[in-house]
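One-letter residues, chain by chain:
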Amino acid sequence: VLNLRDFPRPGQTTKARNFDKSPGGKGANQAVAAAGLGGEVSMYGALGDDSYGDVLRETLAKSGVKTANIERRSVSSGLAIVMVDKNGENEIVTVAGANGTVKSKYAEKVFRPISKSKILLLQLETPLAGIRKVLNLLPDKGRPKVILDPAPAIPLDQIPLQKVDILTPNEKELGILSSNKTTDAALKAILSTETTIILKQGEDGAEYIAADSKFHVPAYDVKAEDTTGAGDAFNGALAVALSNDYKTDKAIKFANAAGAIATKGNGAQSSIPTFDTVKKLMKESE
Ligand code: ADP
């Protein structure tokens, strides 16, 4: 992240006030959140053979995430360069790097341990081909419950919903999923499959939407400072709650509490809540 007064114009050189590096990526953030909340977590994906790859692997391992299945590739690690100007506007450049290599071949290789897990939590920061492959290989019965975070969002017709049990967009992502349809039409299209939706609604909490039922779970009242990573904390927490066989409404409460706590600190992985802080917030608000 570079903080600067004004964005450089083409051909211009400009000075930034500072340069901060922090580990991120939706998959990594969600894995760290799930491990921090007491889940037994294995991460699948790839890192580059650069120094960022070393740091990212170390931070995952330190957070309790199993990294044995993360491969190293002779390209750069995936990263995002974020420029923030004096008005707080941002310009972001992302490099897929090693993330771009997580395709069908890798999916086939790691499919066996994945298929034995209780919950499979997927995001869209790696190629769709790999995601599609894993979903295709999963059996119809006796498979992990699949949660897909459709982020970064793409139009619905490109998302493989087959064997996805829960889709977790935020409201902005729901708009992108819907593309030129109304969000109601997009929700209807999703619900015509076996997939249910848990819609993340920021300070309003979350909404559970299934074909035959729908309910709202209010947010916890916290003083939000930086909402970066709230959605990732929510998803990691949801996975842990469902792996503990929580009923859906309790699982969403747990995820709401994790998301709320994540808004109280800066950054994504540094503001991830622990199981005890989540339980405490839930108890205080009873
Ligand atoms: P994302 O981080 O993907 O944009 P949201 O902003 O919807 O997703 O946040 C994810 C979850 O975090 C919400 O569903 C909610 O539970 C919690 N959350 C986010 N912002 C707040 C807030 N201001 N107050 C309380 N909870 C929040």
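Thresholds, definitions, all that
Residues numbered from 1 in each chain as written. Predicted model: local features only at pLDDT ≥ 70, side-chain atom pairs only at ≥ 80, totals over all residues. Heavy atoms only, no water. Near = heavy atom within 4 Å. Polar contact = N/O pair within 3.5 Å; in protein donor to acceptor, adjacent residues only side chain to side chain. Areas by Shrake-Rupley, 256 points an atom, 1.4 Å probe, with all protein chains shown as cover. Helix = DSSP H or I, 4+ residues; strand = E, 2+ residues; numbered from the N terminus. Nonpolar A, V, L, I, M, F, W, Y, C, P; charged D, E, K, R; others polar. Core = buried A, V, L, I, M, F, W, Y, C linked by side-chain atoms within 4.5 Å. Buried < 20%, exposed > 50% of the residue type's maximum accessible area, 1.4 Å probe, protein only. Contact = heavy atoms within 4.5 Å. Arc of directions from axis to C-beta. Pairing = 2+ DSSP bridges. Axes fitted to C-alpha atoms, helices over the stretch in contact; angles between N-to-C directions. Parallel < 35°, antiparallel > 145°, perpendicular 65-115°, else oblique. Left-handed = near helix turned anticlockwise from the far one by under 90°. Phe/Tyr/Trp six-rings, centres within 6.5 Å; stacked < 30°, edge-to-face > 60°. Lys NZ or Arg CZ within 6 Å of the ring centre and 35° of its normal.

## Quick notes on the site of the ligand
1) Next: Taken together, 17 residues lie near the ligand, and N170, G202, G205, G231 and N256 sit nearest.
2) Next: For the ligand, an oxygen atom lies 2.8 Å from a polar atom in the backbone of G231.
3) Next: Measuring from an oxygen atom of the ligand, one finds a side-chain N or O atom of N256 at 2.6 Å.
4) Next: The fraction of the free accessible surface of the ligand (550 Å²) that becomes covered by protein chains is 85%.
5) Next: Secondary structure elements with two or more residues in the shell around the ligand: α7 (230-243) and α8 (248-262).
6) Next: Considered class by class, the residues forming the shell around the ligand number seven nonpolar, eight polar and two charged.

## Details of the nonpolar core
1) Next: With 44 residues, the main nonpolar core has V65, I147, I198, L238, F254 and V278 as its most contacted residues.
2) Next: Listed by contribution, the elements that provide at least two residues to this core are α1 (26-36), α2 (51-62), β7 (119-123), β11 (206-209), α7, α8 and α9 (275-284).
3) Next: Here this core takes eight residues from α8, the largest share from any one element.
4) Next: If we skip the residues at most four places from it in the chain, V65 touches A31, V32, A35, V41, M43 and L60.
5) Next: Core analysis: the next-biggest nonpolar cluster, separate from the first, contains 32 residues, V146, I159, L177 and L199 among them.

## Topic: helix α5 (residues 171-178)
1) Next: By the burial criterion, the buried members of α5 are E173, L174, L177 and S178. One side of α5 carries all its buried residues, which in axial view fall inside an arc of 140°.
2) Next: Where the residues of α5 are buried, they touch β8 (145-149), β9 (166-167), α6 (183-191) and β10 (196-200).
3) Next: Capping of α5 at its N-terminal end is provided by N170; its side-chain oxygen lies 3.2 Å from the backbone amide nitrogen of K172.
4) Next: Where α5 terminates, the next one or two residues include S179, which has phi positive at roughly 40°.

## A word on the sheet that holds β9
Pairing between sheet strands relies on hydrogen bonds along the backbone, with the strands arranged either parallel or antiparallel.
1) Next: In space, the six strands of this open sheet follow the order β7-β8-β9-β10-β11-β12, with mixed pairing throughout. Edge positions in the open sheet fall to β7 and β12 (214-217), since each of these has one partner strand only.
2) Next: Inspection of the sheet shows β9 paired to β10 by two bridges, in the parallel sense. Within the sheet, the bridge partner assigned to I166 lies in β10 and is T196.

## Some thoughts on the side chain of E207
1) Next: Looking at where E207 falls in the secondary structure, it is placed in strand β11.
2) Next: Ignoring any residue separated from it by four or fewer positions in sequence, one finds E207 in contact with I197, I198, L199, Q201, K214, F215 and H216.

## Side note on the sheet that holds strand β5 (residues 79-84)
1) Next: Read from one edge of the open sheet, four strands run β2-β1-β5-β6, paired in mixed fashion. Two strands close off the open sheet at either side, each with one partner strand: β2 (16-19) and β6 (90-95). Going across the sheet, the axis of each strand differs from the next one's by a mean of 15°, ignoring polarity.
2) Next: Across six bridges, the pairing between β5 and β6 is antiparallel. Of the residues in β6, the one forming a bridge with V84 is N90.

## Some thoughts on the packing of α7 against α8
Two packed helices can be described by the angle between their axes and the distance between those axes.
1) Next: It is at 7 Å that the axes of α7 and α8 come closest, and there the two elements cross at 150°. Judged by the angle between their axes, α7 and α8 are roughly antiparallel. The interaxial crossing formed by α7 with α8 has right-handed handedness. Where α7 approaches α8, its residues A230, A233, F234, A237, L238, V240, A241 and L242 are matched on the opposing element by A251, I252, F254, A255, N256, A258, G259 and A262.
2) Next: Of the residues belonging to the contact of α7 with α8, the class tally is 14 nonpolar, two polar and no charged.

## What to know about the environment of G229
1) Next: Relative to the helices and strands, G229 is located in the loop between β12 and α7.
2) Next: Using a relative accessible area of 15% as the deciding quantity, one classes G229 as buried.
3) Next: Residues G229 and K280, spaced 51 residues apart in sequence, show a C-alpha to C-alpha distance of 20 Å.

## Overview of the packing of aromatic side chains
1) Next: All told, the structure shown has three aromatic pairs when counted by the stated rule.
2) Next: Each ring, one from F254 and one from F275, has its centre 5.7 Å from the other, and the planes form 50°; the classification is tilted. One end of the pair, F254, is in helix α8; the other, F275, is in helix α9, and 21 residues separate them in sequence.
3) Next: An aromatic cluster is defined as three or more aromatic residues linked by ring pairs; in this entry it consists of Y246, F254 and F275.
4) Next: Seen from the ring of Y246, K250 lies directly overhead, with NZ or CZ sitting 4.2 Å from the centre.

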